[in-house]
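The primary structure of each chain is shown beneath.
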Amino acid sequence: MKKNVAVFAAVLGLSLSTLSGAFAQELDTENPIKIGYVGALSGDTALWGQAGLNGMELTAKQINEDGGILGREVQVIGLDGKGAPDDSVTAYKKLVEEEGVSAVVGTNFSSCNIAIAAVADELEVPVIATAASNELVTVDADGKLHPYSFRLCFIDSYMGYLAGSYAYNELGLKTCALITDVTDSYSTSVGQYMVDTFTELGGELVASEEAQNGDNDFRAQLTKIAAAQPDVLFIPWNYENVCLIAQQARELGIEGVFFGADGWDTTELIELSNGALEGCYYVSRPGFNLPEAAAYGEVYQEEYNVALEAECLYGNDGVMWIKQAIEAAGSDDPTAIRDQLEATTSFDGLLGHMSIDPATHNPSRDAAIFEVKDDEVQYVGIYEPEQSK
């Protein structure tokens with residue numbers, strides 16, 4: 001697979017000027033290319049938002065050391081969307097209307113990007129969601145494309161399909177239960193696809209319960225699930241709630257496997273779960289298990305001295321994808337960038353290879369299975385069920 005030279009430069013911490021010598025040109029700092037970022041830079045999920053911004057800034061720094069984009073300095077401007085739709089829309093509008101960015105990366109929350117999508121259509125500046133996986137991030141309820149909305153991650157239906165398929169076909173589980181956050185489009189969407197796949201393969205849904213973020217006490221719902229004795233409990237929530245639900249479920253005697261999606265993907269999962277997730281699984285991006293991503297992680301930790309979060313890889317890939325689009329267009333005009341993003345047939349980033357479906361702006365890319373085993377998260381590998389071929 002052919003790798004983007006700039007990705008290698010970022011991974012190895014090298015400067016292309018070192019390689020090209022006399023061909024390096026002076027960086028134009030008077031007319032910078034501005035790229036925005038919207039993420040949760042405060043609140044409970046700030047570790048993801050800050051990781052995304054760090055990744056973008058680190059990669060921009062390396063790009064500038066290599067001569068910039070079209071010889072121009074790259075500036076990253078990050079604003080706090082607080083993980084909330086209204087705040088994220090406000091941040092996006094400020095980046096476009098006041099800062100004059102050519103493109104925006106973020107957020108990693110479906111609810112936020114669903115709200116941004118119509119605004120991006122109006123202001124005509126592309127936004128690239130990182131881990132926002134709901135289908136409505138890039139299309140409306142009628143299936144009409146949001147022309148200025150893109151994403152780097154796989155979608156809810158694919159994650160749900162993989163989780164349901166792995167639980168039934170690979171783990172041999174026959175009955176399932178589901179608990180969802182009724183206020184979160186990510187949770188309800190992924191959860192429905194998990195159950196649909198599991199039951200279509202021959203499994204049985206024995207219990208389904210709803211709760212919401214902030215409840216903290218899920219015992220009423222879990223008591224009903226415990227009575228049904230499912231082989232697997234699907235928990236498509238973000239990690240903090242997952243850990244609460246898992247511990248309370250074990251207290252109530254639920255012994256089955258717990259299965260989740262990319263909302264589980266954090267270095268804090270083991271500590272917060274206090275052993276309750278041992279023997280459980282989730283589906284997510286390959287993360288730092290790919291060689292280039294692992295090498296980039298070493299550079300990242302040396303730069304920031306913080307625990308690794310995969311959102312920094314999304315930050316890198318967002319910047320690099322925009323760079324590829326600008327260089328292909330020969331311009332940082334937002335519409336020209338949009339056109340090139342939509343026309344992407346091949347992009348190689350730290351999260352792997354991807355192409356874009358121009359009809360939906362959804363990427364085709366690999367997903368991986370992870371297992372909590374021996375008090376650590378272990379990479380099982382890329383999972384490609386035969387049915388998805």
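We now turn to the structure provided with this report. (Residues numbered from 1 in each chain as written. Predicted model: local features only at pLDDT ≥ 70, side-chain atom pairs only at ≥ 80, totals over all residues. Heavy atoms only, no water.)

Some remarks on the overall build of the chain
Each helix and strand in the chain was counted, giving 13 helices and 15 strands. Compactness check: the chain gives a C-alpha radius of gyration of 21 Å against a globular reference of 21 Å for 389 residues, within 12% of the reference. The principal-axis extent of the C-alpha atoms belonging to the chain is close to 70 × 40 × 40 Å. Every one of the 389 residues in the chain was classed for burial, and the buried ones make up 55%. In the chain, the proportion of contacts linking residues at least 24 apart, taken out of those at least 6 apart, comes to 69%. Within the structure as shown, the chain displays about 15400 Å² of accessible surface, and the carbon and sulfur contribution to it stands at 46%. Taking the average place of the 20 positive charges on the side chains of the chain and the average place of its 61 negative ones, the gap between the two points comes to 3 Å. (Helix = DSSP H or I, 4+ residues; strand = E, 2+ residues; numbered from the N terminus. Rg over C-alpha atoms; globule rule 2.2 N^0.38 Å. Buried < 20%, exposed > 50% of the residue type's maximum accessible area, 1.4 Å probe, protein only. Contact = heavy atoms within 4.5 Å. Areas by Shrake-Rupley, 256 points an atom, 1.4 Å probe, with all protein chains shown as cover. Lys, Arg positive; Asp, Glu negative; His and termini not counted. Charge placed at Lys NZ, Arg CZ, Asp CG, Glu CD.)

With respect to the nonpolar core
Ranked by internal contacts, the top residues of the largest apolar core, which has 40 residues, are I35 and W321. When residues in this core are grouped by element, the largest group, nine residues, is from helix 12 (residues 311-329). Beyond its immediate chain neighbours, meaning those up to four positions away, W321 contacts I128, F150, R151, L152, L341, T344, F347, M354 and I356. By size, the runner-up hydrophobic cluster in this structure holds 32 residues, among which are A177, A246, I254 and V372. (Core = buried A, V, L, I, M, F, W, Y, C linked by side-chain atoms within 4.5 Å.)

Concerning helix 3 (residues 46-65)
Taking 1.5 Å as the rise per residue, helix 3 with 20 residues should run 28 Å; its terminal C-alpha atoms sit 28 Å apart, in good agreement. Buried residues dominate helix 3, accounting for 15 of its 20 residues. (Expected span 1.5 Å × (residues − 1).)

Concerning the packing of helix 12 against helix 13 (residues 334-342)
Relative placement of two packed helices is described by the angle separating their axes and the distance separating the axes. For the pair helix 12 and helix 13, interaxial distance at closest approach is 8 Å and the crossing angle is 110°. When the axes of helix 12 and helix 13 are compared, the pair comes out roughly perpendicular. Across the interface between the two elements, W321, A325, I326, A328 and A329 from helix 12 touch A336, I337, Q340 and L341 from helix 13. Residues of the contact of helix 12 with helix 13, tallied by class, amount to eight nonpolar, one polar and no charged. (Axes fitted to C-alpha atoms, helices over the stretch in contact; angles between N-to-C directions. Parallel < 35°, antiparallel > 145°, perpendicular 65-115°, else oblique. Nonpolar A, V, L, I, M, F, W, Y, C, P; charged D, E, K, R; others polar.)

Brief notes about the pairing of strand 14 (residues 368-373)
Most of strand 14 sits out of view: five of its six residues are buried. Relative to strand 14, strand 10 (residues 281-284) runs antiparallel, the two being bridged by four bridges. By the bridge assignment, V283 is partnered in strand 14 with I369. The pairing of strand 14 with strand 15 (residues 376-382) spans six bridges and is antiparallel. Considered in strand 15, the bridge of K373 is made with E376. (Pairing = 2+ DSSP bridges.)

Points about the sheet that holds strand 13 (residues 363-364)
Pairing within the open sheet is antiparallel, and its three strands lie in the order 11-12-13. At either margin of the open sheet sits one strand with a lone partner, and together these are strand 11 (347-349) and strand 13. With two bridges joining them, strand 12 (residues 352-356) and strand 13 adopt antiparallel strand pairing. Along strand 13, the bridge assignment pairs S355 with S364. Across the face of the sheet, helix 12 comes into contact with strand 11 and strand 12 while running at roughly 150° to strand 11.

A short note on the sheet that holds strand 9 (residues 257-260)
With mixed pairing, seven strands are arranged side by side in an open sheet as 7-6-8-9-10-14-15. Among the strands making up the open sheet, the edge pair consists of strand 7 (204-211) and strand 15. Strand-to-strand, the axes of this sheet are offset by a mean angle of 25°, without reference to chain direction. Across the sheet, helix 6 (residues 156-170) touches strand 8 (232-234), strand 9, strand 10, strand 14 and strand 15, and the angle it forms with strand 10 is around 145°.

Comments concerning the environment of F347
Locating F347 in the fold gives a position in strand 11. Considered as a pair, F347 and W321 are 26 residues apart in the sequence and their alpha carbons are 7.0 Å apart. Leaving out residues up to four positions away in the same chain, F347 has contacts with D317, M320, W321, Q324, G352, H353 and M354.

Remarks on the pairing of strand 9
The two faces of strand 9 match: V257 and F259 on one face and F258 and G260 on the other face are all buried. Note: strand 8 against strand 9, three bridges, orientation parallel. When the bridges of strand 9 are listed, L233 appears paired with F258. Tracing the backbone out of strand 8, into helix 9 (residues 239-251) and back to the parallel element strand 9 gives a crossover that is right-handed. As defined by bridge partners, strand 9 adjoins strand 10 across two bridges and the pair is classed as parallel. When the bridges of strand 10 are listed, G260 appears paired with Y282. (Right-handed = clockwise from strand over helix to strand, strands pointing away.)

Regarding the packing of helix 6 against helix 7 (residues 185-200)
Direction vectors running N to C along helix 6 and helix 7 enclose 40°, while the axes themselves pass 7 Å from each other. The orientation of helix 6 with respect to helix 7, classified from their angle, is oblique. At the point where helix 6 passes helix 7, the crossing takes the right-handed sense. Residues D156, S157, M159, G160, Y161, A163, G164, S165, A167 and Y168 of helix 6 touch helix 7, and the partners they reach there are S185, Y186, S189, V190, Y193, M194, T197 and F198. Residues of the contact of helix 6 with helix 7, tallied by class, amount to ten nonpolar, seven polar and one charged. (Left-handed = near helix turned anticlockwise from the far one by under 90°.)

Structural measurements only, silent on function.
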